Structure formats: C-alpha cells, structure tokens
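# Architecture and fold: a report
So the chains spell out like this:
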Amino acid sequence: MEAETGIKQQTTGPNPAEITRLINLAERLQEGLRTSQREHDDLGTYSPSLHQQFYEHGFYRLLLPRRYGGFEVSLKDYYRVMIAIARGHPAIGWNLTLGAAHGLLVASHWPEAVQDELFDKQNYFVAPHRAFPDGSCHRVNNGFMVEGVFRYCTGITYSTHLIVNTLYSESDGAPAKSINCIIPRKNYEILDDWGGDRTLGMRASGSNSARVAATFIPERMTVPFSGFYANQDVSQGSIGTQLHKNPLYLGYLMVPYHANLVAPVIGAAKAALDEYQTILQTRPTTLCSSLRREDDNFYQQLFGQALVLTEAAEAILLQVCDQQRELGERWQRTAKPISLSENVKGWGALQQAGRLACDAIELLFHTAGSSETRKDARLLRYFTDAQMYRSHTGSQWESFSAYVGRAQLGKPLDFLNL
C-alpha cells in the first residue's frame, strides 16, 4: 500500500539476530576496553587495532543504508550497541558513537550521486560533524572556499571526511546563510590537542581540532543547514526517504544528535555500577572491618538508587528513539511533519536521561571512598567523563526547558533561527 507521501512503506528491518550478534560482540569487547583505558586516554583515541575490529565487524556501518552495504539499524538498536561499547570505556563509546553516526546525516540530505561516491561498499565512512558554525566561507564559481580551525571534531582519528557548518553571504551586506560542507580527509589537518591531561574527562574521545586551509568545496558537497533540520519541508520527503524508502532517513537531527551524547553517558553509568559492585563485594565498611559493604544497608541503598537512576535514563533514551521512529512512520502514512515542539521535546527528554545517568555516577563516586580519587581509579574516570557531558552546550536542560515550553505554546524560538 502506497503512503500519502508516495513513499512505499518499508516493513522489513534488520535481522534481530544480527543486532544481538553486534551487542554480544560489543559486550565481549568490554573487558579489553577496561584494561586499556589508561593507554587509550593517553593516546587521546582508540588504537589502530581496535579501529580494525570496529571496521571488520561493521560498527561503522550500523546506520548506513542497506543500498551501500550498511545494516540500516534503528536508532534504538544503534544506541543499544553503543551503550555496550561505552560500558567498557565511555570515551571510546563517545568517539565511536559520534564518528559513525553522521552517515545518517549524509544519507538523509545529500543527493544520490554524492552518496554513491561516499558510501563505497568496499570502504567505510566516518565523519565528525562540527554542527555549530565556525571558520570562514565565501562563494566562488561552482562552489565555496572554506578555511578555519574547527574544534571538538569527535571521532576524527579514523575519519574519511569532515562535515563542518559554516556561514557565508551571497553579497556584501546580505544576511548570512548556513551550509554543511563535506571535506575529504586529504584537505584537513588533525591537530594534536586532545588526550592525556589536556581535558578533565572523555580523554579518549578523539575530539581533536581540525585545521582546514583554504579549500575548494564543490557545491554538490554542500547542503543548507538550519536548526538541526527541525523546520524542514518534508512535503515530498527528504532525499533520504526518496532514495532509501525508510523514514529513518527523514533527516530530523535533534533527537539523534543529543542521543549520540547521552548513550555513552548511560554506558558510563553502567560501568560505574559494575565498579561499585566490585567495591561492595571486596571491601569492608569504614567503621567495621568485619562487615563487607555489600551486607550493609547503607551501601545497598546507594547501589539500588544508582541502579534505578541508570535504568530510568536508559528507558528514556530508548523510548525517545521509539517515539522518533513512530513520528517518522506517521509522516510516511499521513505526510504530517515532525513538529518543532516534538523535536525539542525529544531533545529535552534526552537531557533528562543524561542528567539521571550523571546523577547515578556522581552518587557512586561520592560514596565509594577517597581511594577512588586516585588518578588510575575507574570510578574517577567515569565521574570526570560525566562532567564533560554536564558541561556540554547541548546538555544545559535548565535553559533549554524554556525552548521546550515556547515551542509547545507556539511561540517562535530565538534558538538556531527557529
């Protein structure tokens, strides 16, 4: 049956057994990830051998369309896999999640010829996206000249491309316009400004800056960008839905882009619970050396509280992903777009998931004892990783809640020109 949009509804999804295989594989990697945490933190990213495993087992292809040899998994299944990776090392989870996620952006918004070029079945596609505008840009014949230093390009170590958001004007005095530009690996330099003691946490996230010398970007490698596509015209769908017949590629980005940050923090909370449980089972209480902490009501209560906070955070993330899928399927049936309010509510709900996961980590860290403040303590690592999320612009729920309220009331937002 044809939907009103003209897009034939896709009823088949990825093989559930394949999803289970990928989650099980991610879980088997956890112990190795934990034993190499210090090494990867010092490196600022993950090792070439781990990259090879991610490549060979298809972790970079999870969100890519089947047309190009990808798994085309749902957002929900993508983050289930990424949580499992982050449970071994949250910073590597952050690194992989963001680096591998942006094929979704390209598959949704770039034309078929560009996708044919970038999503080579014999290769892989990894691209950071610097979503907030930076650098400089001006129009030239058949394209644009782009240059600048773009910071926080998470996932850049093994990247094939870099996607940057930059501003340009058609003429002097004309309003600035925002575009996304895809830049091939040969045209940017990865700066040595991440890893080691350079940041409080997320040291292995590969969030280096990239320097782009004056580089010509053909117009076909650029698309307009505004407000994470929250107000896009989907009356005819998106390039992605026309090409791949799947509302996964409708191209609204507010939910997946914040979920990219929340999933690794939930993985960090699960890792903190694992570490805390070991502490409870192996250490006595402070005031009674004959009583193990696991038998003390106080520690049982703390552990249980952190456990349910983490479970609640994960439940919110997975439910928001389900809602996003349902909204995409609604568009497929009725051509009704995902509203601005639905977009920002999804982002806001995910902020609360991140907040709960951080609360769980902080509760465990604050009550584990001062021995967990040692530089090599895993709980300290998970605590500092959580603080990196807490400080991220996108996680500031106190201020963002006003946008959720304004959108629900039908008021314009002074946020990303919406």
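The rules behind these values
Residues numbered from 1 in each chain as written. Predicted model: local features only at pLDDT ≥ 70, side-chain atom pairs only at ≥ 80, totals over all residues. Heavy atoms only, no water. Helix = DSSP H or I, 4+ residues; strand = E, 2+ residues; numbered from the N terminus. Expected span 1.5 Å × (residues − 1). Buried < 20%, exposed > 50% of the residue type's maximum accessible area, 1.4 Å probe, protein only. Contact = heavy atoms within 4.5 Å. Phe/Tyr/Trp six-rings, centres within 6.5 Å; stacked < 30°, edge-to-face > 60°. Lys NZ or Arg CZ within 6 Å of the ring centre and 35° of its normal.

We now examine helix α12 (residues 378-391). Its 14 residues place the ends of α12 20 Å apart at the C-alpha level, agreeing with the 20 Å of an ideal helix rising 1.5 Å per residue. Most of α12 is tucked away: 11 of the 14 residues are buried. Those residues of α12 lying buried are L379, L380, R381, Y382, F383, T384, D385, A386, Q387, M388 and Y389. On its buried face, α12 sits against α1 (16-35), α2 (37-43), α5 (90-101), α9 (254-282) and α11 (340-367).

It helps to recall that an α-helix has 3.6 residues per turn; residues three or four apart then point in one direction. Over its 12 residues, helix α13 (residues 397-408) runs 16 Å from end to end, which matches the ideal 16 Å to within 8%, given 1.5 Å per residue. Each element contacted by the buried residues of α13 is listed here: α11. At the exit of α13 stands G410, carrying a positive phi of roughly 80°.

It is worth spelling out the packing of aromatic side chains at this point. Applying the stated criterion across every chain, the model contains 21 aromatic pairs. Plain terms: the ring middles of Y55 and Y124 are 5.5 Å apart, the flat faces sit at 65° to each other, and that makes the pair edge-to-face. Taken together, the residues span a long stretch of sequence, with Y55 in helix α3 (residues 48-56) and Y124 in the loop between α7 (112-118) and β1 (129-130) at a distance of 69 residues. For Y55, a relative accessible area of 30% gives the class partly exposed. Residue classification places Y124 among the buried residues on the basis of a relative accessible area of 16%. Relative to Y299, the ring of F298 has its centre 5.2 Å away and its plane inclined at 70°; by these criteria the two rings are edge-to-face. You can call F298 partly exposed: its relative accessible area is 46%. One aromatic cluster is present, formed by F132, F225, F228, Y229, Y257, W347, F400 and Y403 through successive ring pairs. A cation over a ring is seen here: R355 above W397, with NZ or CZ 3.8 Å from the ring centre.

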